[in-house]
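The chain contents come next:
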Amino acid sequence: MNPMRTQVGIVGGGPAGMMLAHLLHRAGIESIVVEARSREYVQERVRAGVLEQGTCDLMREAGVGARLAREGITHHGLELRFGGDRHRIDLSGLTGGKTITIYPQREVVKDLIDARIAAGGAIFFEADEVGIRGFDGNAPAIRFRGGGSVQEISCDFIAGCDGFHGVCRPSLPAGALTIFERVYPFAWLGILAEVAPSSDELIYCRHDRGFALHSMRSPTLTRLYLQCGPDDEIGAWPDQRVWAELHTRFAVGDGWKLNEGRIVQKGITPMRSFVAEPMSYGRVFLAGDAAHIVPPTGAKGLNLALADVRVLAAALAKYYADGSRELLDSYSRSCLRRVWKVQRFSWWMTSLLHRFPEDNPFDRRRQVAELDYVTNSWAAAQSLAENYVGLPMD
Ligand code: RFL
Ligand code: PHB
């Protein structure tokens, strides 16, 4: 056994865990990150791509925004496509000039890991059998197997930033948390294709055969998603079928064409809304996907994870500055106000654009009427835009 000590033990080196470690460092607070996967794995995982204005501001203010400023692609609007027609939502015009930025999650994670390592911070990658203990008393600890031996980190607080399938949330006693959940009767098939994007902006498309999304990663990489069955196997979706379905769903009559390229990544993502309340117990604080999941239609998961750790870092900074637990005690309440608004928006975007198996012809007409309303009413479009660029941080 190799005992270590730090102020904040962080389980999970995804966006939430790495940003928390970085913000704590800037506040003069020590932390150690314990991550189950390798550095390469967490830096290469294909995930989110859309950063809210507030997320970009946070990266910049925290001193990790240089590459984002150089390589991020700023978007001022998005397209809603339905009934074979295209409708632009002027995000900037509707929000007093706010924007979103395309910058892949893996680049965010890379920037944060680089910053942490440059500052001499400790990250244990490839940690096995990670467990947490002592968090309902005064002696919390993270124990794991790494480098052939058992390691234990004792700390003042544990941050559970270990995602939806992590170990922290399930380690809390039965009954400590109330779970709110909705599982959707469909999934997303996502591909990354080596081809220039077919549009300068994101396209959210509603079609009778199901939802489709056109996004991008760079001027030469396109990210595309298709609504598929919740139990579909990836083998049921050979490249040809993926392209045929994308062409059908995105079809418009004005000459617009979807560019095809070599598919370099393909995966299926289930769709779920999930909240665990409260987001803390004893000396454990849950943040990001460990505490909540949103369906990806609103592009919110990464942004919400970073909003949580911003609140947590401020609460810990106050505790270490003057011994006050006030902000730690209100951590869950503060975060959940944002979490539920983002849950509402993500559910609404999902309902607006997907084909639900139980929908009858009435529901389908109502859905199209809602899209017609959103794309023709300033008030409705503004509500979408306000949420999409990100609600203000409290
Ligand atoms: P993560 O990223 O899952 O990181 C958790 C980390 O914890 C590690 N871990 C453990 N470590 C130690 N011990 C254990 N027992 C552990 N168990 C797990 C994991 O290896 C991992 O490194 O959670 P975090 O940090 O909360 O970040 C959340 C975001 O990753 C997530 O919300 C987004 O990716 C969601 N999401 C999107 N969010 C957006 O804001 N905009 C988007 O455009 C967007 N698109 C998406 C998405 C998620 C998707 N998938 C694949 C779920 C598109 C997709 C397809
Ligand atoms: C992405 O680029 O991966 C992406 C964009 C918008 C979403 C979800 C995912 O709503």
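Values in this document were obtained by computation on a predicted structure and should not be read as measured data.

What follows deals with the sheet that holds strand β9 (residues 122-124). Taken in spatial order, the 6 strands make up an open sheet running β9-β3-β2-β13-β20-β19, and their pairing is mixed. Both edges of this open sheet fall to β9 and β19 (280-281), since each of them pairs with a single strand only.

Among the 14 residues in the neighbourhood of ligand 2, the closest are listed as Y204, S215, R217, Y225 and P296. Residue S215 places a side-chain N or O atom 2.6 Å away from an oxygen atom belonging to ligand 2. A299 is positioned such that a nitrogen or oxygen atom in its backbone is 3.4 Å from an oxygen atom of ligand 2. For ligand 2, whose free accessible area comes to 280 Å², the fraction covered by protein is 96%. At the level of elements, β16 (212-218) and β17 (221-228) are the ones that each hand at least two residues to the shell around ligand 2. A total of 3 residues in the shell around ligand 2 trace back to one element, the largest contributor, which is β16. For the shell around ligand 2, the per-class residue count stands at 8 nonpolar, 3 polar and 3 charged. Counting contributing residues per domain, the shell around ligand 2 is built from domain 1 (2-73 + 101-180 + 272-348) and domain 2 (184-270 + 356-389), each supplying no fewer than three.

Listed as buried for helix α3 (residues 53-61) are G54, T55, C56, D57, L58 and M59. Taken together, the buried residues of α3 touch α1 (15-26), β4 (50-51), α4 (66-71), β8 (100-102), α6 (105-118) and α9 (301-322). At the exit of α3 stands G63, carrying a positive phi of roughly 80 degrees.

With mixed pairing, the 8 strands of this open sheet are ordered in space as β7-β6-β15-β16-β17-β14-β18-β21. The outermost strands of the open sheet, each flanked by one partner alone, are β7 (85-89) and β21 (292-293). Note: strand β6 (residues 78-82) against β7, 5 bridges, orientation antiparallel. Residue pairing in the sheet places F82 in a bridge with D85 of β7. Strand contacts of helix α8 (residues 239-250): β6, β14 (178-194), β15 (203-206), β16, β17 and β18 (262-277), with the helix running at about 85 degrees to β17, the strand carrying the most contacts.

Moving on to the domain arrangement of the protein. Reports often express the size of an interface as the amount of accessible area lost when the parts come together. Assigned domains within the protein: domain 1 (2-73 + 101-180 + 272-348) and domain 2 (184-270 + 356-389). The distance between the C-alpha centroids of domain 1 and domain 2 comes to 30 Å. For the pair domain 1 and domain 2, the two sides together bury roughly 1700 Å², of which 63% comes from carbon and sulfur. At the surface where domain 1 touches domain 2, the tally comes to 0 salt bridges. The interface formed by domain 1 and domain 2 holds 7 residue pairs in polar contact (both at pLDDT 80 or more) in total. Only β18 and α11 (331-353) provide two or more residues apiece to the side of domain 1 that touches domain 2.

Okay, the pattern of salt bridges next. Inspection of every chain in the model, using the stated rule, returns 27 salt bridges. Its salt-bridge partner being R39, residue D114 comes within 2.9 Å of it at the nearest N-O pair. Taken as a pair, D114 in helix α6 and R39 in helix α2 (residues 39-44) lie far apart in primary sequence, 75 residues in all. For R338, the salt bridge identified is with E52, shortest N-O distance 3.4 Å. Taken together, the positions of R338 in helix α11 and E52 in the loop between β4 and α3 put the pair 286 residues apart, joining distant regions of the chain. Assessed through its relative accessible area of 3%, E52 is described here as buried. Each of R67, E71, E107, K110 and D111 takes part in salt bridges that share partners, so that together they form one network.

Of all hydrophobic cores here, the largest spans 71 residues; its most connected members are I10 and L20. A total of 9 residues in this core trace back to one element, the largest contributor, which is α9. Leaving out residues up to four positions away in the same chain, L20 has contacts with I10, A159, C161, V309, L312 and A313. If you look at the next biggest cluster of nonpolar residues, it comprises 34 residues, including W188, M271, F356 and L371.

All right, on to the site of ligand 1 then. Neighbouring residues of ligand 1: 33 residues in total, closest E35, R45, Q105, D289 and L302. Within the side chain of R47, an N or O atom sits 2.8 Å from an oxygen atom of ligand 1. A distance of 2.7 Å separates an oxygen atom of ligand 1 from a polar side-chain atom of Q105. Notes on ligand 1: free accessible area 1000 Å², of which the protein chains cover 87%. Among the secondary structure elements, those contributing two or more residues to the shell around ligand 1 are α1, β17 and α9. Element by element, the count of residues in the shell around ligand 1 is highest for α9, at 4 residues. Each residue belonging to the shell around ligand 1 can be placed in one class, and the counts come to 15 nonpolar, 10 polar and 8 charged.

Let us look at helix α13 (residues 378-388). Within the span of α13, buried status applies to A380, A381, L384, A385, N387 and Y388. The opening residue of α13 is S377, an N-cap whose side-chain oxygen sits 3.3 Å from the backbone nitrogen of A379. Positioned one or two residues after α13, G390 has a phi angle of 110 degrees, which is positive.

Bringing the packing of α11 against helix α12 (residues 361-376) into the picture now. Closest axis-to-axis distance for the α11/α12 pair is 8 Å, and the angle between their directions is 115 degrees. Residues W348, S351, L352 and L353 of α11 form the contact with α12, whose own contacting residues are Q367, E370, L371 and V374. For the contact of α11 with α12, the class distribution of residues is 5 nonpolar, 2 polar and 1 charged.

What counts and how
Residues numbered from 1 in each chain as written. Chains lettered and ligands numbered in written order. Predicted model: local features only at pLDDT ≥ 70, side-chain atom pairs only at ≥ 80, totals over all residues. Heavy atoms only, no water. Pairing = 2+ DSSP bridges. Helix = DSSP H or I, 4+ residues; strand = E, 2+ residues; numbered from the N terminus. Near = heavy atom within 4 Å. Polar contact = N/O pair within 3.5 Å; in protein donor to acceptor, adjacent residues only side chain to side chain. Areas by Shrake-Rupley, 256 points an atom, 1.4 Å probe, with all protein chains shown as cover. Nonpolar A, V, L, I, M, F, W, Y, C, P; charged D, E, K, R; others polar. Domains from an automatic or database assignment. Buried < 20%, exposed > 50% of the residue type's maximum accessible area, 1.4 Å probe, protein only. Contact = heavy atoms within 4.5 Å. Axes fitted to C-alpha atoms, helices over the stretch in contact; angles between N-to-C directions. Buried area = accessible area lost by both parts, 1.4 Å probe. Salt bridge = Lys/Arg side-chain N within 4 Å of Asp/Glu carboxyl O. Core = buried A, V, L, I, M, F, W, Y, C linked by side-chain atoms within 4.5 Å.

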